[in-house]
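The chain contents come next:
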Amino acid sequence: MASEQPLPQEPTLTIAQVVERTGLSHDTLRYYEKAGLIQRVGRTTGNQRRYEAADLAWLEFLIRLRETGMSIADMQRFAELRARGDATVPERLAMLREHRADLADRIRALRRNAASLDDKIGHYERLLDQPGSDELS
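All figures in this text were calculated on a predicted structure; none of them were measured in a lab.

Enquirer: Explain the packing of aromatic side chains here, please?
Expert: Aromatic rings considered in pairs are described by the distance between their centres and by the relative angle of their planes. If you walk through the whole model with that rule in mind, you get four aromatic pairs. Consider the rings of Trp58 and Phe78, whose centres lie 6.1 Å apart with planes at 15°: the pair is stacked. Linking Trp58 in helix H3 (residues 53-67) with Phe78 in helix H4 (residues 72-83), this pair joins segments that are 20 residues apart in sequence. As far as burial versus exposure is concerned, Trp58 and Phe78 are alike and both buried. Grouped by ring-pair contacts, the aromatic residues Trp58, Phe61 and Phe78 constitute a single cluster. Arg82 extends its terminal NZ or CZ atom over the ring of Trp58, reaching a point 3.8 Å from the ring centre.

Enquirer: In this structure, what is going on with helix H5 (residues 89-129)? I would like to understand it.
Expert: Since one α-helical turn is 3.6 residues long, residues separated by three or four positions face the same way. For H5, built from 41 residues, the straight-helix expectation of 60 Å at 1.5 Å per residue is met to within 8% by its first-to-last C-alpha distance of 58 Å. Taken as a whole, H5 has its buried residues at Arg92, Met95, His99, Leu103, Ala104 and Gly122. Looking at the buried side of H5, the elements it contacts are H3 and H4.

Enquirer: Looking at this model, I keep getting lost on the side chain of His99. Mind explaining?
Expert: By the secondary structure assignment, His99 is in helix H5. In contact with His99, other than residues within four places in its own chain, are Leu65, Thr68, Gly69 and Met70.

Enquirer: In this structure, what is going on with the nonpolar core? I would like to understand it.
Expert: In a soluble, globular protein the nonpolar side chains are often hidden away together inside. Formed by 24 residues in total, the largest nonpolar core has its most connected members in Leu29, Tyr32, Tyr51, Leu59 and Leu62. Mapped by element, the contributors of at least two residues to this core are helix H1 (15-22), helix H2 (26-34), H3 and H4. Looking at this core, the element that brings in the most residues is H3, giving six residues.

So, how was this worked out
Each chain carries its own residue numbering, running from 1 in the written order of its sequence. Local features in a predicted model are, by the rule used here, given only for residues with pLDDT of at least 70; side-chain atom pairs are given and counted only at 80 or more, and totals for whole chains, interfaces and linings are based on all residues. Side-chain numbers here rest on the full set of heavy atoms in the structure, without hydrogens or water. Pairing of aromatic rings covers Phe, Tyr and Trp, the last counted by its six-membered ring, and requires centre-to-centre distances within 6.5 Å; plane angles under 30 degrees mean stacked, over 60 mean edge-to-face, and any other angle means tilted. Each helix is a run of DSSP H or I of at least 4 residues and each strand a run of E of at least 2, with the numbering of both proceeding from the N terminus. To sort residues, take the accessible area from a 1.4 Å probe on protein chains only and compare it with the maximum for the residue type: under 20% means buried, over 50% means exposed, and anything in between is partly exposed. Two conditions define a charge located above a ring, namely a distance within 6 Å from the ring centre to NZ of Lys or CZ of Arg, and an angle within 35 degrees of the ring normal. Given the number of residues in a helix, its expected span is that number minus one, multiplied by 1.5 Å. For this analysis, residues touch if any pair of their heavy atoms sits within 4.5 Å. Take the buried residues of types Ala, Val, Leu, Ile, Met, Phe, Trp, Tyr and Cys, join any two whose side-chain atoms come within 4.5 Å, and each joined set is a nonpolar core.

So far we have only geometry, and geometry alone does not tell us how the molecule works.
Dropping the structure here:
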């Protein structure tokens, strides 16, 4: 009977590597951990944080939530539900659907605002194209 070989471990990332890959600062990563947004990451014998691929994927999702306007409190609630496991999938799905609907509303508002700006830009460009426009200040 052959002895079992341990499976090779995925390489882990230092906090500096995670900062480089995500664009988050060291302080933000530490804040996310203290705020409960990320589980405590593994540490080396020298007490240095070591992030796994799953940690990086979760951080990238948190970045998307933040960039799309989810509040830290809602992100904490989502992270709490996630930590409790699959039984919370319906609640997490509802949260994401509500957030997506809010995002769609904001996108529509931004498009209206962009159209308004385009109208004003067009107005000023037409003014500049008129004879005697060099007298405008």
